[in-house]
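Architecture and fold: a report
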Amino acid sequence: MKKIVLVLFVGLLGLSVTAQDTAAKIEFKTETVDYGEITKGSDGIRVFEFTNTGNAPLIISKVSSSCGCTIPKKPEDPILPGKTGEIQVKYDTNRVGPIRKAITVISNADTPTKVLKIKGEVKAADGTK
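The numbering scheme is per chain: residues are counted from 1 as the chain's sequence reads. Side-chain atom pairs in this predicted model are given and counted only at pLDDT of 80 or more, local residue features only at pLDDT of at least 70, and totals for whole chains, interfaces and linings cover all residues. Computation of side-chain values: all heavy atoms of the structure, hydrogens and water removed.

In the nomenclature of an unreviewed UniProt entry, the chain is known as DUF1573 domain-containing protein of Maribacter confluentis.

Right, let's get into the environment of Gly-36. Only DSSP runs of H or I with at least four residues qualify as helices, and only runs of E with at least two residues qualify as strands; both kinds are numbered from the N terminus onward. Locating Gly-36 in the fold gives a position in strand S2 (residues 32-39). Exposure is judged per residue with a 1.4 Å probe applied to protein chains only, and the accessible area is read against the type maximum: over 50% gives exposed, under 20% gives buried, and values in between give partly exposed. Look at Gly-36 and you get partly exposed, because its relative accessible area is 28%. As for Gly-36 and Lys-119, which are separated by 83 residues in sequence, their C-alpha atoms are 7.3 Å apart. Only heavy atoms enter the contact rule, under which two residues are in contact if any of them lie within 4.5 Å. In this structure Gly-36 touches Lys-119, Gly-120 and Glu-121, once residues within four positions along its chain are discounted.

To continue, consider the sheet that holds strand S5 (residues 70-73). Read from one edge of the open sheet, four strands run S1-S3-S6-S5, paired in antiparallel fashion. The open sheet has two free edges, formed respectively by strand S1 (26-28) and S5, since each of these has just one partner strand. In this sheet, adjacent strand axes meet at a mean angle of 30° when their direction is disregarded. Pairing between strands is defined by DSSP: at least two bridges between the two strands are required. In terms of strand pairing, S1 meets strand S3 (residues 45-52) through three bridges, oriented antiparallel. For Ile-26, the partnering residue across the bridge sits in S3 and is Asn-52. Fitting a line to C-alpha atoms yields each axis, with helices limited to the stretch in contact; the angle taken between N-to-C directions then spans 0 to 180 degrees.

The following block contains the structure:
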């Protein structure tokens, strides 16, 4: 009887360890996008590329920015293991001056919250600030 209980206990322990290995993992190509110096009114769209390096589907539930001048767009569908996805960010380039913004990504990954950054500077069309 003791052997049966011991075998069941070891089996359940092994099953729980295996279940913990099933998780989505998000790895970004880069966590900072540098716009560099761009002209007022130019294209403000940039992309953060990522890969699900885990072994479960990755679901991005929310993407938010630190201000209203930056609009992020998340993927709607789950990203399967080994597949890539992207988060698109649009910055309002009609605002002249430095760019220093944060984009928070919330998902079901093993690290559920990631903070991405954009930086750069928007110059007026004539080159002045």
